[in-house]
Amino acid sequence: MSDLEELTQALARNLKRWRGERGFTLDSLAARSGVSRGMIIQIEQARTNPSVGTTVKLADALGVSISTLLDYDRGPQVRIVEPGQTVRIWSSEAGSSTTMLIGTDERGPMELWTWHLVPGEGTESAPHPSGTIEMLHVTAGDLTLVVGDEEFRVPAGAAATFEANLPHAYRNDGTVPMEMTLAVSVPPVSAPVPAPAHAAPPARVAEPRN
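Residues numbered from 1 in each chain as written. Predicted model: local features only at pLDDT ≥ 70, side-chain atom pairs only at ≥ 80, totals over all residues. Heavy atoms only, no water.

(A) Quick peek at the layout of surface pockets. For the largest pocket, the calculated volume is near 580 Å³. Along the wall of the largest pocket there are 30 residues; nearest its centre are Val52, Gly53, Val56, Ser125 and His128. Put simply, the parts of the chain that give the lining of the largest pocket at least two residues each are helix 2 (26-33), helix 4 (52-62), strand 1 (87-91), strand 3 (110-117), strand 4 (122-125), strand 9 (168-171) and strand 10 (178-185). Of all the elements, helix 4 adds the most residues to the lining of the largest pocket, at seven residues. A class-by-class count of the residues in the lining of the largest pocket yields 17 nonpolar, seven polar and six charged. (1 Å grid on protein atoms, 1.4 Å probe; cavity = no way out; pocket = protein on both sides within 12 Å on 5 of 7 lines; lining within 4 Å. Points joined across faces, edges and corners; volume = space filled by probe spheres on them. Helix = DSSP H or I, 4+ residues; strand = E, 2+ residues; numbered from the N terminus. Nonpolar A, V, L, I, M, F, W, Y, C, P; charged D, E, K, R; others polar.)

Below is the structure:
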């Protein structure tokens, strides 16, 4: 089985597992994530390899890290991720890439990434759940960080942090490759609380007359 096939199977298995643990139906997960019900079914049946954006939306909706969706089998205390076990999430023909180094879900999802962007390339991200914090440290080149409608220059050696509940993007507008380490902390997601079996019907509110 190829690496891609293994990731597809792991994602199918873990998505179904975490959806069950959170108590989400297909429809409720679709509503929370913005991913269609049909796409979720295809993913859980390992019949498709979703985009990075789709995987991020599902992870955010479930309140888990991407690494948890790809492989949740890990030791209780210490987990060592060897260089060959990191997960390349995105890459371009020009040589840019993002790699998930490690993730945890002990107190809400937390992820550690390494980024490599060649000159002229960048990626965009949809808003994450409110309370999501991203922290980054640029180790080479210059990063153009876009949060909402504002742009920020983060040079080599500098660090930045922001709440990622707005659309955001990372670009390399310079002339040399940009390298950075990125940490993402997502607030935990609580399972929906079912209504009591014998709950009284809600009070009826009179509609205003025109």
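Read on for the rest.
(B) Region of interest: the nonpolar core. Among the nonpolar cores identified, the biggest contains 40 residues, and Leu136, Leu143, Leu145 and Tyr170 are the most heavily contacted of them. When residues in this core are grouped by element, the largest group, five residues, is from helix 4. (Core = buried A, V, L, I, M, F, W, Y, C linked by side-chain atoms within 4.5 Å. Buried < 20%, exposed > 50% of the residue type's maximum accessible area, 1.4 Å probe, protein only.)

(C) Spatial organisation of the sheet that holds strand 4. Strand order in the open sheet formed by four strands is 4-9-6-7, and the pairing between neighbours is antiparallel. Looking at the sheet topology across the chains shown, the edges are occupied by strand 4 and strand 7 (150-155). Taken pair by pair, the neighbouring strands of this sheet meet at an average axis angle of 15°, ignoring direction. Taken together, the four bridges between strand 6 (residues 142-147) and strand 9 define a ladder with antiparallel strand orientation. Of the residues in strand 9, the one forming a bridge with Val147 is His168. (Pairing = 2+ DSSP bridges. Axes fitted to C-alpha atoms, helices over the stretch in contact; angles between N-to-C directions.)

(D) Fine view of the confidence of the model for the chain. Looking at the chain, pLDDT values average 81 and 80% of them are 70 or higher. Per-residue pLDDT, averaged within each element of the chain, yields its smallest value for strand 2 (residues 97-104) (77) and its largest for strand 9 (95). Counted against residues more than four places away or in other chains, residues 191-210, with its pLDDT under 50, gives four contacts. (pLDDT = per-residue confidence, 0-100. Contact = heavy atoms within 4.5 Å.)

(E) Main features of the packing of helix 2 against helix 4. Relative to each other, helix 2 and helix 4 sit at 110°, their axes nearing to 9 Å. With respect to helix 4, the axis of helix 2 lies roughly perpendicular. The segment helix 2 lies against helix 4, with Leu29, Arg32 and Ser33 engaging Lys57, Leu58, Ala61 and Leu62. Of the residues belonging to the contact of helix 2 with helix 4, the class tally is four nonpolar, one polar and two charged. (Parallel < 35°, antiparallel > 145°, perpendicular 65-115°, else oblique.)

(F) Summary view of the packing of aromatic side chains. Per the stated rule, a full pass over the model turns up one aromatic pair. For the ring pair Trp115 and Tyr170, a centre distance of 4.7 Å and an interplane angle of 65° mean the geometry is edge-to-face. In this pair, Trp115 sits in strand 3 while Tyr170 sits in strand 9, placing the two residues 55 residues apart along the sequence. Side by side, Trp115 and Tyr170 carry an identical accessibility label, which is buried. (Phe/Tyr/Trp six-rings, centres within 6.5 Å; stacked < 30°, edge-to-face > 60°.)

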